[in-house]
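Each chain is listed here by its residues.
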Amino acid sequence: MKTPFVTKELVQEIVKKYPTPFHIYDEKGIRENARKLKEAFSWNKGFKEFFAVKATPNPYILQILKEEGCGVDCASIQELYLAEAVGMKEGDIMFSSNETPAGEFAKARELGGYINLDDITLIDFLDKECGIPETVFCRFNPGGFYNVSNDIMDNPGDSKYGMTRHQIADAYRRLMMLGAKNFGIHAFLCSGALTNDYYPMLARDLFKLAVELHEETGADIRYINLSGGIGIPYRPGIKPCDIMKIGEGVRAAYEEIIEPAGMEVAIFTELGRFMLAPYGHLICKAIHEKHIYKEYIGVDACAANLMRPAMYGAYHHLTVLGKEDAECDHRYDVVGNLCENNDKFAIDRDLPRIDIGDYICIHDTGAHGFSMGYNYNGMLRSAELLLKEDGSVQLIRRAETAHDYFATLDVCPMMKNINYK
Ligand SMILES: *Cc1c(COP(=O)(O)O)cnc(C)c1O
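Residues numbered from 1 in each chain as written. Predicted model: local features only at pLDDT ≥ 70, side-chain atom pairs only at ≥ 80, totals over all residues. Heavy atoms only, no water.

Draft legend 1. How the structure looks around the pattern of salt bridges. This model, assessed by the stated rule, comprises 29 salt bridges. A salt bridge links R31 to E67, with the nearest nitrogen and oxygen atoms 2.6 Å apart. You can see R31 sitting in helix 2 (residues 27–40) and its partner E67 sitting in helix 3 (residues 59–67), a full 36 residues away along the chain. Taking relative accessible area as the criterion, E67 reaches 47% and is therefore assigned partly exposed. Its salt-bridge partner being R35, residue E68 comes within 2.8 Å of it at the nearest N-O pair. Here R35 lies in helix 2 and E68 lies in the loop between helix 3 and strand 3 (71–74), a separation of 33 residues in the sequence. For E68, a relative accessible area of 9% translates into the label buried. Residue classification places R35 among the partly exposed positions, given a relative accessible area of 46%. Several salt bridges share partner residues, and in doing so they unite E27, R31, R35, E67, E68 and E389 into one network. (Salt bridge = Lys/Arg side-chain N within 4 Å of Asp/Glu carboxyl O. Helix = DSSP H or I, 4+ residues; strand = E, 2+ residues; numbered from the N terminus. Buried < 20%, exposed > 50% of the residue type's maximum accessible area, 1.4 Å probe, protein only.)

The following block contains the structure:
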């Protein structure tokens, strides 16, 4: 069972002010989860989570996480502007970009962010642009396949990120020559991991690498960035990760590898999905039904509001609000209005009978949901709302209007005299 954090009654109240579709986030859930993560790694002196901004790039969300002691992980200058807006300070920003355009490293440094280099060739690029900072991170790619407990988790050998084992040693040597004093290692080898073993395995590998690189190059390695990748159970019946167990697993590896080497490192994370996905819903309304070779329910949201099902075939659980306890004796495809046949939030899903006007809650949209939105077919981005701890609802981003959609056509006189509805 998956229980929404909103009820039909609350949604009926909300739509009087903010019509569907909208994304809504649960402040209480976000805070409690962030505190649990902090507790799981409280054994590590310098531990810090840098929330992956791309998952939910809204300043109100970043502000909540900041209050819980999190920093942010950015990969573009726009994400840096968001970090600046919420007042992220020296040491609160991790800039884990790749194929970095000119000017972005300089902005990250101006804000006191850590620079995480994706490639060895970026050293000279960084040096020319804004000099080499005292602390530099390098992103590692071990190549091959990445296995956790005999399961292939991902294929780093086929991924564009990071440096090879040989390059990362050379990178540290060169960075030291150019004045860098402290180093971090970063790796992101698997996304959406549902096993408690991923972080401990990755930590073990990176701790070993840190000890080796220290011996080989003399580099003073102070930080291990485990990046993102902890998954959440999108399907009901799947066990969520146990963050306390994960923290303990990383601790065991630390005591086994880092402590005997006489080293001390701070653990950093860049979680996105784990921090936000369960604490967001996309709320939409059934507006049409269609009976052809299959039974369809048309809703007022579409893949432009939540791309994951269309893009990855991702499962998102649906709850028909007010029918939580009704029998799932109907089988539907629940679809949006894009002229794209993959615009389906659910395919052959057993649900209670859906009536026109029913509100449907699409679960686990808090990360990589709104943010992956787009404007195909002239579709507009929805509003984002925050369900606050005191039960009130705050608009944290208004819905796009036709004026927003056409704003960049201000070069075109033909667009001037249209009266948008
Ligand atoms: C996307 C991303 C993350 C967050 O990944 P999740 O799977 O959401 O935890 C963290 N770090 C980097 C560099 C990323 O690109």
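Draft legend 2. The arrangement of the site of the ligand in detail. Neighbouring the ligand are 15 residues; K54, G229, E270, R273 and H368 lie closest to it. A distance of 2.7 Å separates an oxygen atom of the ligand from a polar atom in the side chain of H368. Relative to its free-state accessible area of 390 Å², the ligand is covered by the protein chains to the extent of 91%. When atoms are counted within 2 Å of each cavity's grid points, the one that captures over half of the ligand is the largest pocket. The residue inventory of the shell around the ligand, partitioned by class, reads three nonpolar, seven polar and five charged. (Near = heavy atom within 4 Å. Polar contact = N/O pair within 3.5 Å; in protein donor to acceptor, adjacent residues only side chain to side chain. Areas by Shrake-Rupley, 256 points an atom, 1.4 Å probe, with all protein chains shown as cover. 1 Å grid on protein atoms, 1.4 Å probe; cavity = no way out; pocket = protein on both sides within 12 Å on 5 of 7 lines; lining within 4 Å. Sits in = over half its atoms within 2 Å of the grid points. Nonpolar A, V, L, I, M, F, W, Y, C, P; charged D, E, K, R; others polar.)

Draft legend 3. Looking closely at the domain arrangement of the protein. Domain annotation for the protein reports domain 1 (8–22 + 278–409) and domain 2 (27–277). With 22 residues of domain 1 at the interface, the matching set in domain 2 holds 25 residues. Summed over both sides, the interface of domain 1 with domain 2 buries roughly 2,000 Å², with 57% coming from carbon and sulfur. Area buried by domain 1 at its contact with domain 2 is led by Y279, Y315 and E389, which between them contribute 31% of it. (Domains from an automatic or database assignment. Contact = heavy atoms within 4.5 Å. Buried area = accessible area lost by both parts, 1.4 Å probe.)

Draft legend 4. Expanded view of the sheet that holds strand 10 (residues 220–225). With parallel pairing, eight strands are arranged side by side around a closed barrel as 2-3-4-5-6-9-10-11. Across the sheet, the mean angle separating the axes of adjacent strands is 30° when strand polarity is ignored. Judged from the three bridges that link them, strand 5 (residues 114–117) and strand 6 (residues 135–139) form a sheet pairing that is parallel. The residue bridging I115 from the neighbouring strand is V136, located in strand 6. Strands strand 9 (182–186), strand 10 and strand 11 (266–269) of the sheet are contacted by helix 8 (residues 198–217), whose axis makes an angle of about 165° with strand 10. (Pairing = 2+ DSSP bridges. Axes fitted to C-alpha atoms, helices over the stretch in contact; angles between N-to-C directions.)

Draft legend 5. Quick peek at the layout of surface pockets. Reported here for the largest pocket is a volume of approximately 1,200 Å³. Taken together, 47 residues make up the lining of the largest pocket; nearest its centre are K54, F188, S191, R273 and H368. Only strand 3 and helix 11 (308–312) provide two or more residues apiece to the lining of the largest pocket. Classifying every residue of the lining of the largest pocket gives 21 nonpolar, 15 polar and eleven charged. Of the residues that make up the lining of the largest pocket, three or more belong to each of domain 1 (8–22 + 278–409) and domain 2 (27–277). Computed from the structure, the second largest pocket encloses a volume of approximately 490 Å³. Residue lining of the second largest pocket: 25 residues in total, with K2, P233, P240, P278 and Y279 positioned closest to the centre. (Points joined across faces, edges and corners; volume = space filled by probe spheres on them.)

Draft legend 6. A look at unusual backbone geometry. The linkage connecting T20 with the following residue, P21, adopts the cis geometry, with an omega of -5°. Of note, P21 is situated in the loop between helix 1 (8–14) and strand 1 (22–26). In this structure, E99 is a non-glycine residue whose phi angle is positive, near 45°. Residue classification places E99 among the exposed residues on the basis of a relative accessible area of 61%. Not every positive phi belongs to a glycine, and N377 is a case in point at roughly 65°. Looking at where N377 falls in the secondary structure, it is placed in the loop between strand 17 (359–362) and strand 18 (383–387).

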